[in-house]
Amino acid sequence: MKLLMTAALTAALMVPLAGTATAEVTAYPVKHPKLIANPLYEAGPLPTTTCTEPKVKQGDRKLARAYVDAVIACLETTWEQHLTGAGLPFSKVRVRHVAKIPKTCDFKPGKDDSQAWYCVKNRTLFFQIGKGWVTDPDDLWLFGTVAYMYGYQVQNLTGIQVAYDAVPYRGKAEYFEQARRYHLQKDCLAGAFLKSVWPMKGRTKKDWDYYVSLLSGDARGEDPDEGKTATRRAWSNRGFATGDPGSCNTWTVPSSKVA
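Definitions and cut-offs
Residues numbered from 1 in each chain as written. Predicted model: local features only at pLDDT ≥ 70, side-chain atom pairs only at ≥ 80, totals over all residues. Heavy atoms only, no water. Phe/Tyr/Trp six-rings, centres within 6.5 Å; stacked < 30°, edge-to-face > 60°. Helix = DSSP H or I, 4+ residues; strand = E, 2+ residues; numbered from the N terminus. Buried < 20%, exposed > 50% of the residue type's maximum accessible area, 1.4 Å probe, protein only. Expected span 1.5 Å × (residues − 1). Contact = heavy atoms within 4.5 Å. Disulfide = S-S within 2.5 Å.

Trainee: Please clarify how the packing of aromatic side chains should be interpreted in this entry.
Mentor: Within a pair of aromatic rings, the relevant descriptors are the distance that separates the centres and the angle that separates the planes. Counted under the stated rule, the structure contains 14 aromatic pairs. Ring geometry for tyrosine 152 against tyrosine 182: centres 6.0 Å apart, planes inclined by 70 degrees, an arrangement best described as edge-to-face. Residue tyrosine 152 is located in helix H3 (residues 141-157), and its partner tyrosine 182 is located in helix H5 (residues 172-196); the two are separated by 30 residues in the primary sequence. Per residue, the accessibility class of tyrosine 152 equals that of tyrosine 182, and both read buried. Their ring planes at 50 degrees and their centres at 6.1 Å tell us that tyrosine 164 and tryptophan 251 sit as a pair that is tilted. Within this pair, whereas tyrosine 164 is found in helix H4 (residues 160-166), its partner tryptophan 251 is found in the segment after helix H7 (229-242), the two being separated by 87 residues in sequence. For the pair tyrosine 164 and tryptophan 251, a shared accessibility class is recorded, and that class is buried. Site record: aromatic cluster; members linked through ring pairs are Tyr118, Tyr148, Tyr152, Tyr164, Tyr182 and Trp251.

Trainee: Honestly, H7 in this entry has me stumped. Any pointers?
Mentor: Quick reminder: α-helices carry 3.6 residues per turn. Residues three or four places apart thus point the same way. Between its first and last C-alpha atoms H7 spans 20 Å; for 14 residues at 1.5 Å apiece the expected length is 20 Å, and the two agree. At its buried positions, H7 is contacted by H3, H5 and helix H6 (205-214). Where H7 terminates, the next one or two residues include glycine 243, which has phi positive at roughly 65 degrees.

Trainee: Looking at this structure, I do not really get the state of the cysteines. What am I missing?
Mentor: Where two cysteines share a covalent bond between their sulfur atoms, that bond is called a disulfide. Following the criterion strictly, the structure yields 3 disulfides and no others. In this model, cysteine 105 is linked to cysteine 119 through a disulfide, with the two sulfur atoms separated by 2.0 Å. Taking the sign of the S-S torsion, about 90 degrees here, the bridge from cysteine 105 to cysteine 119 comes out right-handed. A residue pair is termed long-range when its members are at least 10 positions apart, and cysteine 105 in the loop between strand S1 (94-97) and strand S2 (115-119) and cysteine 119 in strand S2 qualify at 14 residues. Judged on exposure class, the residue cysteine 105 and its partner cysteine 119 are both buried.

Trainee: Any chance you could explain H3 here in plain terms?
Mentor: With 17 residues, H3 should reach 24 Å at 1.5 Å per residue; the first-to-last C-alpha distance of 25 Å fits that figure. Burial within H3 is extensive, with 16 of its 17 residues counted as buried.

Trainee: Sorry if this is basic, but what is going on with unusual backbone geometry here?
Mentor: Glycine aside, the phi torsion of most residues is negative, and most peptide linkages are trans. The amide bond that connects tryptophan 198 to the next residue, proline 199, takes the cis arrangement and shows omega of 5 degrees. Position of proline 199 relative to the elements: it lies in the loop between H5 and H6. Positive phi outside glycine occurs at cysteine 105, with the angle close to 55 degrees. Assessed through its relative accessible area of 13%, cysteine 105 is described here as buried. Positive phi is not limited to glycine here, since aspartate 106 has a value of about 65 degrees. Position of aspartate 106 among the secondary structure elements: in the loop between S1 and S2.

As structure tokens, then:
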């Protein structure tokens, strides 16, 4: 995984923070071909499929885990067809439901009772489902979260993950801008997947809009590595509007679009 090394921060004070550059200017252009011109972007919209949501009851973690597994199955159906059709590799993701996220694979789990992590080296998704994710399970939060997390698998399969880990950075600001491009791409890919299975039984556009309203970005005092709330919502809506991973190329847009 890409790490921010202390030695790389010596020039941080001399580098303007991402988002302070003039609009429509890419302060830190990325040149790796796997990031800026990945075949994923040329494969067209995701295939239209159906995805039936299992019922989830308030406070029922067992049903919530079954729900996650069902959404994963839908994701695998869509992405296998899409990636193999584009001549890209595909393999199924491993899923582990745990009572507590293990401190393995460079994981640094926080204190939230509900968390999800992806291990790059063994392509495994870990889900710790607590009260937070089953208190009000009727919205699209859990569905969208699973779709977002599967974006790690897509990035891993298409070479985006390896390229992201390899691309150099010259200081703190550039490091965080690259991290935002990396994470915002998953917001967009999640939106594109939901569009590919839309309309969903019992769901309306209001459900999607409410899900987007739940997304939040980097809080004050936190590392600016996910994007502002408005930025996350914009990329999610972009993916949902097109249903096309080609619209999720976060690596070539101006810095202002990934602030």
